Amino acid sequence: MSTTNYRYLLRLSLSCRKITVQVTNSATDSIVAMASSTEQEFMPYYRSKLTTFPRPHRFYDANIAIRIGEKLGFRLSDIGISHVEIDIPEQPPLPIHHRKMIAPLLDSVKRVGIRVSGSEKLEEKVS
């Protein structure tokens with residue numbers, strides 16, 4: 001199966017409790033690869049934030065976003081995908097603490113060797 005015939009979209013979901021990045025095949029809308037802060041590797045970090053008092057409003061930082069981007073990049077390279085496009089939904093601007101995690105996440109995906117089209121447009125939109 002050739003991966004050049006398909007267009008792959010990177011979809012990013014950020015909240016104060018969770019970071020989720022998934023790559024979908026635009027032809028079938030099926031998820032090809034996914035990385036999330038709810039994976040087993042990140043649970044000890046999340047639990048440590050839950051037990052602090054007062055509880056923080058953000059449970060993840062840029063370092064976790066970088067690791068999630070690396071995991072996604074490795075998963076994409078394992079299945080032979082070398083190029084993705086960012087799916088930018090029309091939505092209100094993100095809060096600044098969410099915007100700080102987007103650039104490191106995308107940079108970590110690029111460092112693994114995955115080309116990310118539209119990252120400049122997204123970085124302009126969130127700055």
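In what follows, the structure referred to is the one given above.
Bear in mind that the values here come from a model prediction, so they are computed numbers and not experimental data.

**Side note on the overall build of the chain**
Part 1: Scanning the chain from N- to C-terminus turns up four helices and five strands.
Part 2: Its helices and strands in sequence order give the chain the pattern β-β-β-α-α-β-α-β-α, from N to C terminus.
Part 3: Relative to all contacts within the chain whose residues are 6 or more apart in sequence, the contacts with residues 24 or more apart total 61%.
Part 4: Carbon and sulfur atoms make up 52% of the accessible area of the chain, which totals about 7400 Å².

**Observations concerning the sheet that holds strand β4 (residues 83–86)**
Part 1: The five strands are arranged β3-β2-β1-β4-β5 in an open sheet whose pairing can be described as mixed. Of all the strands in the sheet, just β3 (30–36) and β5 (115–117) have a single pairing partner and so form its edges. Geometrically, the sheet is characterised by an average inter-axis angle of 30 degrees between neighbouring strands, direction not taken into account.
Part 2: Taken strand by strand, helix α2 (residues 62–78) contacts β1 (8–14), β2 (19–25), β3 and β4, and its axis lies near 145 degrees from that of β3.

**What about the pattern of salt bridges?**
Part 1: Taken as a whole and assessed by the stated rule, the structure comprises six salt bridges.
Part 2: Between Lys71 and Glu39 there is a salt bridge, and its shortest N-O distance comes to 3.1 Å. Here Lys71 is found in helix α2, whereas its partner Glu39 is found in the loop between β3 and α1 (43–50), with 32 residues between them in sequence.
Part 3: The salt bridge partner of Arg75 is Glu39, with a shortest N-O separation of 2.9 Å.

**As for α2**
Part 1: Look at α2: 24 Å from first C-alpha to last across 17 residues, which is about the 24 Å you get at 1.5 Å a residue.
Part 2: Taken together, the buried positions of α2 are occupied by Ile64, Ala65, Ile68, Gly69, Lys71, Leu72, Gly73 and Leu76.
Part 3: After α2 finishes, the residue Gly80 shows a positive phi value of roughly 90 degrees.

**So, unusual backbone geometry**
What is expected of a backbone is that most residues other than glycine have negative phi and most peptide bonds are trans.
Part 1: The backbone of Asp29 shows a phi angle near 60 degrees, a positive value even though the residue is not glycine.
Part 2: You can see Asp29 is positioned in the loop between β2 and β3.
Part 3: You can call Asp29 exposed: its relative accessible area is 54%.

Parameters and conventions
Residues numbered from 1 in each chain as written. Predicted model: local features only at pLDDT ≥ 70, side-chain atom pairs only at ≥ 80, totals over all residues. Heavy atoms only, no water. Helix = DSSP H or I, 4+ residues; strand = E, 2+ residues; numbered from the N terminus. Contact = heavy atoms within 4.5 Å. Areas by Shrake-Rupley, 256 points an atom, 1.4 Å probe, with all protein chains shown as cover. Pairing = 2+ DSSP bridges. Axes fitted to C-alpha atoms, helices over the stretch in contact; angles between N-to-C directions. Salt bridge = Lys/Arg side-chain N within 4 Å of Asp/Glu carboxyl O. Expected span 1.5 Å × (residues − 1). Buried < 20%, exposed > 50% of the residue type's maximum accessible area, 1.4 Å probe, protein only.

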